[in-house]
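Next come the chains, spelled out residue by residue.
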Amino acid sequence: MSGPRAVTLYVALLTAYPREVRDEYGDDMVQLFADRYRDERPGGNLLRFARFWGGIVGDLVRTALTERTESVVANFKQQWWKWAIGLVAALEPVLVFGAGVGVSASLLVSAVPMVALVLGLGLLRSRPRLAAGLLVFGLLPAVVAGIVYFWFPPMYLVTLFGIYLSVRVLMEAGRLTRSLAPA
Amino acid sequence: MSGAQAQSPDGHLPLTPAASHILLALADGDKHGYAIMREVEDLSDGTLTMGPGTLYGSIKRMLGAGLVEETENRPDPELDDQRRRYYRLTGLGERVLGAEMARLEAMVKVAAAKRVAFRPRPEGAQ
């Protein structure tokens, strides 16, 4: 395999890494790969070729897995509230059903805030203000759960959590709106 | 004194083999990634070969921990590619490297006191 083709293959393999790693170190990694390929010349000998590519692929699999895991954990730490909103959306039919309005009515009533939550999450980056409105509206069933189920104190926690998520959404929308505003 | 300089080196110990070799490679001057990789191979007698992922993953973590930093000092443009990034030890990195070497030295002393053979003896040797 020629040097340029090997480099092209390595560039393709780099997609195994998260984008932030590729953006920061991708060029350096390609340069290092090209330097090694030039100096070790693994193309002429099958054993050397296998050892070289075995080392490269082994390094890539091991470190890409680590980087991907770190990226997912860091992303979850930053964006956990989005997953929490998804959980609230999934549980809203249960909350509404518990109010005793029947299965069909529960699904119907909870469908509107569920759609609002899904739409809100989808629009958060491009239309932060609209998204915040949709999300706060979608969180209403959780916010009022403590009032509807006043006889069941654990639901007060759901209300507090709904209020917390609403405030978090409004803060995030404010931050995104400022970052989108022309300087 | 910055936060990184005031930090205790003990919190960074023990270092991984890759991290300690990278710090050791940078102990005598600024180097770019490929030069670090080559020096690590030399320092370890070829037992530690770092691929691009291991090298830059370690550098990323060490930059985050304040052990190394990028340097603007460039070699003569005639001699090297200006696109390469050069790294050097920070004050904290030097102290962490020193503490790691002291830790390893203490281990070696304990091993010597316990008469641990540093290399496997050839078969039949007394």
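What counts, and where the lines are drawn
Residues numbered from 1 in each chain as written. Chains lettered and ligands numbered in written order. Predicted model: local features only at pLDDT ≥ 70, side-chain atom pairs only at ≥ 80, totals over all residues. Helix = DSSP H or I, 4+ residues; strand = E, 2+ residues; numbered from the N terminus. Rg over C-alpha atoms; globule rule 2.2 N^0.38 Å. Buried ≥ 20, exposed ≤ 12 C-beta atoms within 10 Å, placed from the backbone. Contact = placed C-beta atoms within 7 Å. Nonpolar A, V, L, I, M, F, W, Y, C, P; charged D, E, K, R; others polar. Pairing = 2+ DSSP bridges. Core = buried A, V, L, I, M, F, W, Y, C linked by C-beta atoms within 7 Å. Axes fitted to C-alpha atoms, helices over the stretch in contact; angles between N-to-C directions.

(A) Inspection of the overall build of chain A at higher detail. Tallying secondary structure elements over chain A gives 8 helices and 0 strands in all. Moving toward the C terminus, one meets the helices and strands of chain A in the order α-α-α-α-α-α-α-α. For 183 residues, the compact-globule formula gives about 16 Å, and the C-alpha radius of gyration of chain A, at 25 Å, lies well above that figure. For chain A, the spread of C-alpha atoms along the three principal axes comes to 80 × 40 × 25 Å. With 183 residues in all, chain A has 25% of them scored as buried. A separation of at least 24 residues holds for 54% of the contacts in chain A among residues at least 6 apart in sequence.

(B) Region of interest: the interface of chain A and chain B. Facing the 15 residues of chain A at the interface are 14 residues of chain B. If you list the elements that add at least two residues to the side of chain A that touches chain B, you get helix H2 (19-40) and helix H3 (46-98) of chain A. In terms of residue count, the dominant contributor to the side of chain A that touches chain B is H3 of chain A (8 residues). In terms of residue class, the side of chain A that touches chain B is built from 7 nonpolar, 4 polar and 4 charged.

(C) Focus on the pairing of strand S3 (residues 86-89) of chain B. Residue and element names in this part refer to chain B. Sheet topology note: the strand S1 (residues 31-32)/S3 ladder contains 2 bridges and is antiparallel. Paired with His32 across the two strands is Tyr86, which belongs to S3. Note that strand S2 (residues 68-71) and S3 share 4 bridges and pair antiparallel. For Glu70, the partnering residue across the bridge sits in S3 and is Tyr87.

(D) Summary view of the nonpolar core. Grouped together as the largest cluster of nonpolar side chains are 32 residues, with contacts concentrated most on Ile22, Leu23 and Leu26 of chain B. Looking at this core, the elements that each hand over two or more residues are helix H1 (3-13) and H2 of chain A together with helix H2 (17-26), helix H3 (33-43), helix H4 (52-65), S3 and helix H5 (91-113) of chain B. Examining the composition of this core, we find that 6 residues originate from one element, H2 of chain A, more than from any other. Here Ile22 of chain B is in contact with Ile36, Val40, Ser58, Ile59 and Met62 of chain B, once residues within four sequence places are set aside. Counting residues in each nonpolar core, the second largest holds 21 residues, with Leu95, Ala116, Ala132 and Val158 of chain A among its members.

(E) How the structure looks around the sheet that holds S2 of chain B. Residue and element names in this part refer to chain B. Reading across from one edge, S1-S3-S2 is the order of the 3 strands in this open sheet, with antiparallel pairing throughout. The sheet terminates laterally at S1 and S2, the two strands that pair on one side only. Sheet strands touched by H2: S1, S2 and S3. Its angle to S3, the strand with the most contacts, is close to 95 degrees.

(F) Spotlight on H2 of chain B. By the criterion of burial, H2 of chain B is predominantly enclosed, with 7 of the 10 residues buried. Where H2 of chain B is concerned, the buried positions are Ala19, Ser20, His21, Ile22, Leu23, Ala25 and Leu26 of chain B.

(G) Just unusual backbone geometry, in detail. Residues and elements named next belong to chain B. For the bond running from Leu13 to Pro14, omega is -10 degrees, close enough to zero to count as cis. Take Pro14: it is sitting in the loop between helix H1 (3-6) and H2. Even without a glycine there, the phi angle at Asp45 is positive, about 55 degrees. Tracing the chain through its elements places Asp45 in the loop between H3 and H4. A positive phi angle, close to 55 degrees, is found at Arg115, a residue other than glycine. Along the chain, the position of Arg115 falls in the segment after H5. Arg115 sits in the exposed class, given 6 other C-beta atoms within 10 Å.

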